[in-house]
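Analysis of the macromolecular model
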Amino acid sequence: MSNTVRFWLMVLPGTVFLVVFLLLPLIAIVVFSFWRTESYTLIQDWNLDNYATIFSHSAYLTFLARALVMATCVSLVCLAYAWPVAYFIVRYGGRYRLILLLSTAAPFLTGEILRVAALQQILGPIGVVNMALTRFGFDPIEALMYSNMATGTGLVYLWLPFMVLAIYLSLLNFDFALLDVAKITGAGPLRAFVEVTLPLNRAGTAIGIVLVFIPTLASATTSQFLGGPDGALYGNILARQFGSTGTWALGSAMGVVLFLASALALVIVWRAVGDLRRSGIVIKGAPKP
Amino acid sequence: MSDCMLRLQSVTKRFGTTMAAESVSLEVGQTELFALLGPSGSGKTTLLRIIAGLDAPDEGRVLIGGRDVTRLPPYRRGIGMVFQDFLLFPHKTVAENIAFPLKMQGKSRAETADDLKWVSQLVRLTGLEERYPHELSGGQKQRVALARGLVSRPSLLLLDEPLANLDRELRKRMEVEIRRFQLELGIPFIYVTHNQEEALTMASRMAVMREGCLEQIGDKLALYHRPATAFVAAFLGSPNTFEGDVVGVEDGRAEIAWHGHRFWSRAHDGLAPGLRAVCYVKSEKIAFASSGAALAGRLRDTIFKGQYADYLVCLDDGHEITVSAAPDLCHRPGEAVGITWAADDGDAFPAVGKE
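Here goes a summary of the coordinates provided. (Residues numbered from 1 in each chain as written. Chains lettered and ligands numbered in written order. Predicted model: local features only at pLDDT ≥ 70, side-chain atom pairs only at ≥ 80, totals over all residues.)

Some thoughts on the overall build of chain B
- Per the secondary structure count, chain B includes eight helices and 20 strands.
- Here the C-alpha coordinates of chain B stretch approximately 75 × 45 × 35 Å along the principal axes.
- The buried share among the 355 residues of chain B stands at 43%.
- Across chain B, every contact between residues at least 6 apart in sequence was considered, and the portion connecting residues at least 24 apart equals 66%. (Helix = DSSP H or I, 4+ residues; strand = E, 2+ residues; numbered from the N terminus. Buried ≥ 20, exposed ≤ 12 C-beta atoms within 10 Å, placed from the backbone. Contact = placed C-beta atoms within 7 Å.)

See below:
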């Protein structure tokens, strides 16, 4: 078998996957987004009306903005929560590291709907938190359930394991002895973190942010169950186009806008990481000066 | 010691049931290059980490420049340290790595530039400032690590096996360089190594460490030529070992009977007639002799080492003795030879753990 044949055999599975599951659907929604829908049927009638609708009705952009704010907040909360968790597991987990890491993902064993339902049992009007508050004579906190706060809580809970995983993997490759050097050369704990630990795990952290931000931006289920009457996000409106209203062309256009927003977020995060050498990443085969 | 810069007072450190340091007391003067020598696991790195403040001692005190720093974190001790695997910050350029201690001290841009220039010249790194650590050779990394340790003009520099990862040629050069830095800066260097050649080359004074204890501290020549304990005698140089019976002790000398031969040696505490003794004689202190030889045998092999050669002499009763001497002696394998050494070149200690 020649090297060329072997090369194409290796490339084939990945290529097929990307074409069938990424490229073709993407092309389809881009194409559909320039058609129109009538009585639940797509009609090939090239026009820009769908985009005009999205950008002229403030409702669509408002929902997109809400989704962006939600995704940003959820990413930041996950970031702040995941760093200490991942750091602790890597630094002090010893031989239990893997078990500790997997335990952060344990809720995944139950399925998405069940996890959201479980949150309802905790945060809801007759959930554990509010029942306890009432029992001790306090007023229940209504914002806990059927609000953006509830959606945010649910999304953090849902996506936190991905952030922990990304930072965990990054820290596994981090040489903690560098912190000894930082200490001896005059850096207190905070300085050492800012100067050494954080930059050397910047790329891993960025991957974690992307892993949380992008699915959150598109999410619909969590806000549907926890968000209450005013909690709809872009994802919910998008889902509606393919469901009750049956306006698939408009939905496709909304999908294209979502895709572009996600791509823009990726670019921004990537730019923030900047020169990979500043994150201690050596690119093999890079020319030496 | 009047100019004592570092003082350890009964420093003890345990890891579980292992004694990493057992009541270690030590003084290092202002201008010394002091070597801590010991086999791996002897606790020398732990001792260095205690001096640095990276580990806290269970008991005892650490004083730097007369100030008790036992409870101070490393970043308040004003010392420099160079590590075995260099540990440069991979995300910082050479200049940023070296300037890191200055940045932590909040020095101004001008001062930083001055200090960088000074230290780059000292360790001969000029021209590499903008490179990243992965673009440097092993020797260059070593220089950057040294520069980073020295740039803030610490009161003390700790070196933890800094040359262990360099090849032989480079190591030889760096040994000389490090001595030069120490002389130019006039601050004490404390140098941890398991390589006796390094310690003997560089140090002015040294200590040999074993299982958390300091076996002997002193001038390096004293340790080499006048070992105080059996461990030091066996550890330094490449000695021949003779285990025999003490026949008599007088005037600080002991007569040892060994496989039908008798010879004199310096006697250490605890030797008495009738006891078993171990006698160490460094291989280069044994000489070939045609007459009046203490022992007779045949030359089995010659191992040429360049500046000297090891002659393996097989005695008539089958024991093998190594003699180090000039490489050009015209002895041929199989030839009958006699060997001898002066009484003061042997060190006899009571044998431990055997009858």
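Describing the overall build of chain A
- From N to C terminus, chain A includes 13 helices and two strands.
- Dimensions of chain A, computed from C-alpha atoms along their principal axes, come out at roughly 75 × 70 × 40 Å.
- Residue burial in chain A is summarised as follows: out of 289 residues, 31% are buried.
- Considering only residue pairs separated by 6 or more positions, chain A has 70% of its internal contacts joining residues 24 or more positions apart.

Topic: the interface of chain A and chain B
- Counting from both sides, the interface comprises 21 residues of chain A and, opposite them, 21 residues of chain B.
- Counting residues per element, the ones that place at least two in the side of chain A that touches chain B are helix H8 (177–184) and helix H9 (189–200) of chain A.
- Counting residues per element, the side of chain A that touches chain B draws most heavily on H8(A), at six residues.
- In the side of chain A that touches chain B, the residues fall into 10 nonpolar, five polar and six charged. (Nonpolar A, V, L, I, M, F, W, Y, C, P; charged D, E, K, R; others polar.)

Focus on the packing of helix H3 (residues 58–92) of chain A against helix H12 (residues 234–242) of chain A
Residue and element names in this part refer to chain A.
- Close contact between H3 and H12 brings their axes to 7 Å; oriented N to C, the two are set at 135 degrees. With respect to H12, the axis of H3 lies oblique. Only Tyr 234, Gly 235 and Ile 237 of H12 make contact with H3, whose side of the interface consists of Tyr 60, Phe 63, Leu 64 and Ala 67. (Axes fitted to C-alpha atoms, helices over the stretch in contact; angles between N-to-C directions. Parallel < 35°, antiparallel > 145°, perpendicular 65-115°, else oblique.)

Considering the pairing of strand S2 (residues 18–29) of chain B
- Two elements, strand S1 (residues 4–15) of chain B and S2(B), share eight bridges in a ladder whose sense is antiparallel. Bridge pairing links B:Lys13 to B:Ala21 in S2(B). (Pairing = 2+ DSSP bridges.)

Some points on H3(A)
All names here are of chain A.
- For H3, with 35 residues, the first-to-last C-alpha span of 50 Å sits near the 51 Å given by 1.5 Å per residue.
- Along H3, the sharpest kink reaches roughly 30 degrees, centred on Ala 82 and followed within four residues by the proline Pro 84.
- Residues of H3 that are buried: Leu 64, Ala 67, Met 70, Ala 71, Val 74, Ser 75, Cys 78, Ala 82, Trp 83, Ala 86, Ile 89 and Val 90.
- Of the residues flanking the end of H3, it is Gly 94, one or two places downstream, whose phi is positive at about 55 degrees. (Expected span 1.5 Å × (residues − 1). Bend = angle between axes of the 7 residues up to and from the residue.)

Structural notes on the sheet that holds strand S18 (residues 320–325) of chain B
All names here are of chain B.
- Taken in spatial order, the five strands make up an open sheet running S15-S19-S16-S17-S18, and their pairing is antiparallel. Both edges of this open sheet fall to strand S15 (287–288) and S18, since each of them pairs with a single strand only.
- Sheet analysis places strand S16 (residues 295–304) next to strand S19 (residues 336–340), joined by four bridges and oriented antiparallel. Looking at S19, one finds that Ala 296 is bridged to Gly 338.

Points about the sheet that holds strand S12 (residues 253–258) of chain B
- Pairing is mixed around the closed barrel formed by five strands, whose spatial order is S11-S12-S13-S20-S14 (chain B). Neighbour-to-neighbour, the strand axes of the sheet open up by a mean angle of 50 degrees, direction not taken into account.

Considering the packing of helix H10 (residues 202–218) of chain A against helix H13 (residues 248–273) of chain A
Residue and element names in this part refer to chain A.
- Taken N-terminus to C-terminus, the directions of H10 and H13 make an angle of 165 degrees; their axes are 10 Å apart at the nearest point. In this view, H10 runs roughly antiparallel relative to H13, as classed from their interaxial angle. Pair H10 / H13 crosses with right-handed handedness. Together, Arg 202, Ala 203, Ala 206, Ile 209, Val 210, Phe 213, Ile 214, Leu 217 and Ala 218 of H10 and Leu 258, Ala 261, Ser 262, Ala 265, Leu 266, Val 269, Ala 272 and Val 273 of H13 make up the contact between the two elements.
- Considering only residue class, the contact of H10 with H13 consists of 15 nonpolar, one polar and one charged. (Left-handed = near helix turned anticlockwise from the far one by under 90°.)

Functional significance is not addressed by these values, which are geometric in nature.
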